[in-house]
Amino acid sequence: MTKKKKILLTVTGVLLAFMAAAYIAAALFFWGHFYSGTTVNGTDSTYLGTEAVKKQVADSIQEYTLAIRKKDDTIETVTAKQLQISFEDDGEVDKLLKRQKPWLWIVEIFKNKVHDLKVSVNLSDESLASVVDGLDCMQEANVTPPGDAVIEETETGFTITPETEGNQLNRDLVIEAVKDAVLTDKKELDLEKTECYLKPSVYQDDEGLINRLNHLNQLISAKLTMNFGSGRTETVDAGLLKTWIIQDESGTDSIDQNKAAAYVAALANRYNTAGSSRTFTKTGGGTVKLTAGDYGWVMDTDTTLANLMSAIDSGTQGDFEVSYTNSAKSRESNDIGNSYVEISIDQQTTWCYVDGKLLVSTPVVTGDIAKGHDTPRGGVWKVKGRRTDYTMTGKVDPATGKPSYTAHCNYWIPYSEDFTIGIHDLVNRASYGGNIYLTNGSHGCVNTPLEAVKQIYDVVAYGFPVVVY
């Protein structure tokens with residue numbers, strides 16, 4: 001072998017040895033250091049050992065911020081310092097280095113060396129809760145609680161007032177969401193998307209709420225008008241019916257029959273006229289107060305209530321007829337009307353009007369004052385019927401067992417409540433009027449000349465008003 005070749009071989013050997021030594025040295029270096037171009041969680045970690053990388057990770061954690069997006073799209077930011085978080089070495093960096101293949105570094109350095117590690121951090125529940133409680137969106141002054149959709153009254157009925165979403169947060173859910181974001185290294189947390197906001201329990205499209213609304217409006221749909229004459233009307237409509245609605249233990253709405261009954265009773269008290277005070281204009285002028293008698297309107301409250309409840313249940317619209325147990329000739333405020341018998345005790349005169357026209361004007365004889373048989377006065381009574389060829393009898397005398405008197409009449413028109421006092425002729429009475437009643441009057445009836453009583457008899461019927469004063 002020539003000297004030149006020996007030199008060449010020596011040089012080659014030296015180079016190979018140097019290269020081998022360099023390769024081994026590099027391999028040994030990469031046992032404890034990351035390849036060039038390596039990034040861990042976005043930070044260049046070229047040629048760094050695990051401790052240096054861990055410090056980088058720990059330092060990057062302190063730069064962490066979390067943007068918390070609220071419902072109104074505004075953002076609050078919390079920092080690592082506020083959260084008091086710190087790096088917790090869980091060995092992931094060491095594992096990452098161990099996954100390198102130092103003896104194959106010449107090949108490995110050309111592969112992807114970008115690593116995203118799930119970094120463990122120390123985060124105390126106390127610090128987390130304190131940060132959450134300090135958020136602006138958690139302050140009472142900035143919080144609007146959610147409100148359920150509810151049924152409310154209007155002037156015409158009921159309507160649904162929509163729910164209020166509000167911006168009140170569930171504290172526990174916020175704490176949980178922030179913790180999850182921090183531990184998973186999220187940079188933004190949307191509180192609405194993570195459903196941290198409290199929600200209404202009942203929405204305006206709730207089927208049960210809508211069904212109740214429809215039922216309520218059906219309950220008050222009736223509009224009933226009652227006419228009591230002389231422009232006096234009463235109306236049962238939504239405005240009144242709303243005040244009658246009650247709800248039972250099961251939540252079912254209904255019209256309170258007790259309230260309806262009280263209403264009907266109040267109507268009867270207001271519009272019943274039997275026994276009420278009237279001002280009557282007398283024949284010849286002047287007025288008189290009338291308070292006695294049984295003539296007038298008396299409402300049948302039971303029937304009226306039953307009919308009213310039925311009409312309300314059916315949602316009836318229009319006029320409503322009140323039922324009466326006792327009626328008068330006119331529904332106007334002057335319920336006597338313009339057909340009546342008028343008897344003046346002082347003038348001993350009876351007048352009979354039909355449709356406003358004077359039919360009869362006659363002297364009469366009323367109850368004997370001297371004997372205490374005064375004819376009741378100061379009221380309006382109703383005719384109880386009429387008979388011809390009638391024999392009147394007085395009270396039975398206990399001593400004899402016989403009536404105190406008997407008297408025959410051709411026409412008998414009773415009007416007192418007990419049927420004992422009425423208008424009738426008396427064939428054996430020769431004269432009428434004047435002061436006869438003071439000492440030779442009747443037992444309380446109104447003695448009337450035959451022809452006059454016949455005329456009255458022909459025009460009156462049950463319920464015809466008789467005014468006596």
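Please refer to the structure higher up on the page.
1. Quick look at the pairing of strand β30 (residues 465-468)
Burial along β30 is two-sided: Pro-465 and Val-467 facing one way and Val-466 and Val-468 facing the other are all buried. Here strand β20 (residues 340-344) pairs with β30 via 3 bridges, running parallel. Note on β30: the bridge partner recorded for Glu-342 is Val-467.

2. Some details on the pattern of salt bridges
Any two side chains of opposite charge can pair if their charged atoms end up close together. As enumerated under the stated definition, the model contains 19 salt bridges in all. A salt bridge links Glu-234 to Arg-270, with the nearest nitrogen and oxygen atoms 2.8 Å apart. Placement of Glu-234 in strand β12 (residues 233-236) and of Arg-270 in helix α10 (residues 257-271) is noted, with a sequence separation of 36 residues between them. The class for Arg-270 is partly exposed, based on a relative accessible area of 46%. Among the ionic pairs, Asp-294 bridges to Lys-384, the shortest N-O distance being 2.7 Å. Here Lys-384 lies in the loop between β23 (379-382) and β24 (387-393) and Asp-294 lies in the loop between β16 (287-290) and β17 (298-299), a separation of 90 residues in the sequence. An identical accessibility class is assigned to Asp-294 and Lys-384; each is buried.

3. Quick word on the sheet that holds strand β6 (residues 114-115)
Reading across from one edge, β2-β1-β6 is the order of the 3 strands in this open sheet, with mixed pairing throughout. Each edge of the open sheet carries a strand with a single partner, namely β2 (43-44) and β6. Relative to β6, strand β1 (residues 39-40) runs parallel, the two being bridged by 2 bridges. Note on β6: the bridge partner recorded for Thr-39 is Val-114.

4. What to know about the side chain of Asp-425
Here Asp-425 shows up in the loop between β28 (422-424) and α12 (436-440). No salt bridge is formed by the buried Asp-425; the nearest opposite charge belongs to Arg-429, separated by 10 Å. Among the polar contacts made by the side chain of Asp-425, one reaches the main-chain amide nitrogen of Asn-410 at a distance of 2.9 Å. Non-local contacts of Asp-425, meaning those with residues more than four positions away in its chain, are made with His-408, Cys-409, Asn-410, Tyr-411, Thr-448, Leu-450 and Val-453.

Conventions and cut-offs
Each residue is numbered by its place in its chain's sequence as written, counting from 1. Only residues with pLDDT of at least 70 get local features here, since the model is predicted, and only at 80 or more are side-chain atom pairs given and counted; chain-wide, interface and lining totals rely on the full set of residues. Computation of side-chain values: all heavy atoms of the structure, hydrogens and water removed. We call a residue buried when its accessible area falls under 20% of the maximum for its residue type, exposed when it is over 50%, and partly exposed in between, using a 1.4 Å probe and counting protein chains only. Helix and strand assignments come from DSSP, with helices taken as H or I runs of at least 4 residues and strands as E runs of at least 2, each series counted from the N terminus. Strand pairing is assigned whenever DSSP detects at least two bridges linking the two strands. Whenever Lys or Arg places a side-chain nitrogen within 4 Å of a carboxyl oxygen from Asp or Glu, that contact is recorded as a salt bridge. Only four residue types enter the tally: Lys and Arg on the positive side, Asp and Glu on the negative side, with His and both chain ends excluded. Within 3.5 Å is the distance limit for a polar contact, defined as a pair of N or O atoms, with the added protein rule that one can donate a hydrogen and the other accept it, and that residues adjacent in sequence qualify only through two side-chain atoms. Any two residues whose heavy atoms approach within 4.5 Å at even a single point are treated as in contact.

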